[in-house]
Amino acid sequence: MAPQRRAAPRGPESGGTAAGPDRGGRRHSRYPRGCWDSGWLFLLSSAAVGGLLSWSYLSTEDGVTEVLARHSENLQGKFIEIPCSEDYDSHKRFEGCTPRKCGRGVTDVVITREEASILDLHSGALSLGKHFVNLYRYFGDKIQDIFTEEDFALYRDVRQRIQQRIAQAFGISSASMYLTKPTFFSRINNTEAKTTHDEYWHPHVDKVTYGSFDYTSLLYLSDYTEDFGGGRFVFMDAGSNKTIEPRAGRVSFFTSGSENLHRVEKVHWGTRYAITISFTCNPDHGIGDPVLM
């Protein structure tokens, strides 16, 4: 049974229910998907992220918008550097990791579309009505009938590749970065928001929303205009907005300070899937990869 909608904190991805792609890449509500509870995933429904590319100008409800990455493009890897905000002056600095170079990147070659179609983990925190059900406790020893070690191994490999790409782009050591919570699968559709927490379209800054984030990344699992309408990721820059159009397997990443204020357009039809994977420079805020229990 597909989980019902549950309120989630505003952030890169907020609002909706979870469902997963099958092994052939077609999406259906086979079973719930979400995130690990203990430092691992909230059941959310939303999405986000950025990059540079050939752009065009579109007239939108928010004014002039530069399209930085079209869903039809297959990008080897683009990066645009932007000035860091003053946020970092008020936070503890970690040498070799805390951003001194800020910006946005996007690539379609770190993760293949095939890998994106089978990246099908679910969480121990399933939203059912007004309650959370822990899948690990609910299924007990039968949990291995739902999760496989291959699922977790693929996730760890994907996370490591994204981490290395971010480190390379920002000129830091990947060993100085730590996975941090919340990390989650997300789903956005055009279901009416039940609470203000479901209103994923509001502008926000990840460092303010989550505190531990220093570098944010998104891995998209569905295609703009093919699987859903609306739902583009929007950087809220002075003078004009800049957008990323999701594409299955596309990774976008950016520094998490207020230099990258962003929002997600409302989804008008279909369902938008993504994974948010973020990193901290503070080892006290680091979490481990999920493991099959």
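Cut-offs and rules
- Residues numbered from 1 in each chain as written.
- Predicted model: local features only at pLDDT ≥ 70, side-chain atom pairs only at ≥ 80, totals over all residues.
- Heavy atoms only, no water.
- UniProt positions renumbered as here; feature names shortened; annotations may be inferred.
- Helix = DSSP H or I, 4+ residues; strand = E, 2+ residues; numbered from the N terminus.
- Contact = heavy atoms within 4.5 Å.
- Buried < 20%, exposed > 50% of the residue type's maximum accessible area, 1.4 Å probe, protein only.

Per an unreviewed UniProt entry, the chain goes by the name 2-oxoglutarate and iron dependent oxygenase domain containing 3 and belongs to Otus sunia. If you open the UniProt record of the chain and go to Cofactor (unreviewed entry), you find "L-ascorbate".

### Considerations on the environment of F185
In this fold, F185 is placed in strand β9 (residues 178-188). In this structure the C-alpha to C-alpha distance between F185 and L221, which are 36 residues apart in sequence, comes to 9.6 Å.

### Structural notes on the side chain of K207
Inspection of the secondary structure puts K207 in helix α4 (residues 206-210). Those residues within four positions of K207 in sequence are excluded, and the remaining contacts are H91, S212, F213, D214, S256 and G257.

### Some points on unusual backbone geometry
Of note, the amide linkage connecting K181 to P182 takes the cis form, showing an omega dihedral of 0°. A positive phi angle, near 75°, is found at T225, a position not held by glycine. Topologically, T225 is positioned in the loop between β10 (215-220) and β11 (228-230). Relative accessible area serves as the criterion here: at 39%, T225 is assigned to the partly exposed category.

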